[in-house]
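Per-entry structural report
Here is what each chain is made of, one letter per residue.
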Amino acid sequence: MNIDVHMLNKSTNYIASLAKGLRVIEVFGAEHPRLSITDAANATGLDRATARRILLTLHTEGYVDYDGKFFTLTPRALRLGVSALTSLPLSQIVQPWLDQLSEQIGQSCSVALRDEGEIVYIARAAQKRVMSIGLMPGSRLPAANTSMGRVLLAAETSEEISRILEASDLSPRTHFSATDPSKILTLIETARTDGYAVIDQEVEIGLRSIAVPLYDGHGRVVAALNTGMAATHENPDTLVDLYLPKLLKVQESLRRLIP
């Protein structure tokens, strides 16, 4: 049975308070692990009283801790997302390959999907920590300024990429970040031609990464694979010589395994 979302929103089947509560939960993340009532209200556009009731309800139900000023997610909140992530066959398929690749090259490796203008990590094998924020399955970063985001966007048409960029927050994370949509579009098209993308300190100072797309058995781009490392070499193109062949080898192996 097909359900008209617009009709659903107007009907008694739509629970507005639940929708608002989900908006508050989504605000928590690697960059915002702690939220005050004011923080939650500002981030969601809800009034402060509503944000307060939602956070206190989540606290009562055991989904957030509260120290009198800040709220933080509890392990119980992971049930809301981990069950969905672990039900994805893709995360189970790629994890052993990530572990092996990470051990082989001595760098952290990740696989992510794209959700509109963001990438969502679904699997990760970490070595030494090179980012100030901890990344894990469920973490999100902007697609426009990440290596995985660019190879995932490269699978779309130029028109669709432009639509996504127009709806995205292109605020610079560092002074290296590309912010002009036309420039980002050119970089994405280069990634499409090259078959990989290299990012030099656009997400965080001192961090570089290289990513390749992952294909299913039908040749469709379904995810992206990357490795990230400290920016110790003067030329970021050294990443291509050092890591691209190994990423491509995993890419080809997974192509035979991803349905």
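Scroll up a little and you will see the structure.
Below you will find a few notes about this structure. (Residues numbered from 1 in each chain as written. Predicted model: local features only at pLDDT ≥ 70, side-chain atom pairs only at ≥ 80, totals over all residues. Heavy atoms only, no water.)

Let's shift gears to the nonpolar core. Ranked by internal contacts, the top residues of the largest apolar core, which has 25 residues, are Ile119, Met148 and Ile184. For this core, the secondary-structure elements that each account for two or more residues are β5 (118–125), α7 (147–153), α8 (158–166) and α9 (181–194). One finds Cys109, Ala123, Ile210 and Leu225 within the second-largest nonpolar core, a separate group that totals 24 residues. (Core = buried A, V, L, I, M, F, W, Y, C linked by side-chain atoms within 4.5 Å. Buried < 20%, exposed > 50% of the residue type's maximum accessible area, 1.4 Å probe, protein only. Helix = DSSP H or I, 4+ residues; strand = E, 2+ residues; numbered from the N terminus.)

The next thing to look at is the pairing of strand β8 (residues 207–215). In terms of burial, β8 is a largely internal element, eight of the nine residues being buried. As paired elements, strand β7 (residues 197–200) and β8 share four bridges and run antiparallel to each other. Bridge pairing in β8 places Ile199 opposite Ser209. Between β7 and β8, which pair antiparallel one after the other, the connecting turn spans six residues, and Gln201 there sits at a positive phi close to 60°. Pairing analysis gives nine bridges linking β8 to strand β9 (residues 221–230), with the strands arranged antiparallel. Its bridge partner being in β9, Tyr215 is matched across the sheet by Val221. (Pairing = 2+ DSSP bridges.)

What follows covers the pattern of salt bridges. Tallied over the entire structure, the rule returns nine salt bridges. Asp200 is paired through a salt bridge with Arg208; the nearest N and O atoms lie 2.7 Å apart. The salt bridge partner of Arg255 is Glu252, with a shortest N-O separation of 3.6 Å. With Arg255 and Glu252 both in helix α10 (residues 238–255) and three residues apart, the pair spans about one turn of that helix. Its relative accessible area of 29% is what places Arg255 among the partly exposed residues. Exposure remark for Glu252: the relative accessible area of 37% places this residue in the partly exposed category. (Salt bridge = Lys/Arg side-chain N within 4 Å of Asp/Glu carboxyl O.)

A grouping of Lys20, Arg23, Arg48, Arg52 and Arg53 is seen on the molecular surface, where their side chains present a positively charged patch. Those elements that place two or more of their residues in the positive patch are α2 (16–27) and α4 (48–60). The greatest single-element share of the positive patch, amounting to three residues, is contributed by α4. The topology assignment puts Arg23 in helix α2. (Patch = residues over 30% accessible without salt bridge, like charges linked within 9 Å, V, L, I, M, F, W, Y side chains within 5 Å. Areas by Shrake-Rupley, 256 points an atom, 1.4 Å probe, with all protein chains shown as cover. Lys, Arg positive; Asp, Glu negative; His and termini not counted. Charge placed at Lys NZ, Arg CZ, Asp CG, Glu CD.)

In total, this model carries one aromatic pair according to the counting rule given. Look at Tyr66 and Phe71: their rings are 4.0 Å apart centre to centre, the planes differ by 5°, and that puts the pair in the stacked class. Look at Tyr66 and you get partly exposed, because its relative accessible area is 31%. (Phe/Tyr/Trp six-rings, centres within 6.5 Å; stacked < 30°, edge-to-face > 60°.)

Walk down a regular strand and you will see the side chains alternate between the two sheet faces. For strand β4 (residues 108–115) and β9, the ladder comprises five bridges, and the chain directions are antiparallel. In the sheet register, Ser110 faces β9, and the bridge partner there is Asn226. Two strands pair when backbone bridges link them, and β4 and β5 are joined in this way by seven bridges, in the antiparallel orientation. Counted as the bridge partner of Asp115 is Glu118 from β5. Linkage of β4 to β5, two consecutive antiparallel strands, is achieved through a turn of two residues, within which Glu116 is found at a positive phi near 55°.

Put simply, α2 and α4 touch, their axes get as near as 10 Å, and they point 80° apart. Classified by the angle between their axes, α2 and α4 sit roughly perpendicular to one another. Residues Lys20, Gly21, Val24 and Ile25 of α2 lie in contact with α4, whose contacting residues are Thr50, Ile54, Leu55 and Leu58. Classifying every residue of the contact of α2 with α4 by side-chain character gives five nonpolar, two polar and one charged. (Axes fitted to C-alpha atoms, helices over the stretch in contact; angles between N-to-C directions. Parallel < 35°, antiparallel > 145°, perpendicular 65-115°, else oblique. Contact = heavy atoms within 4.5 Å. Nonpolar A, V, L, I, M, F, W, Y, C, P; charged D, E, K, R; others polar.)

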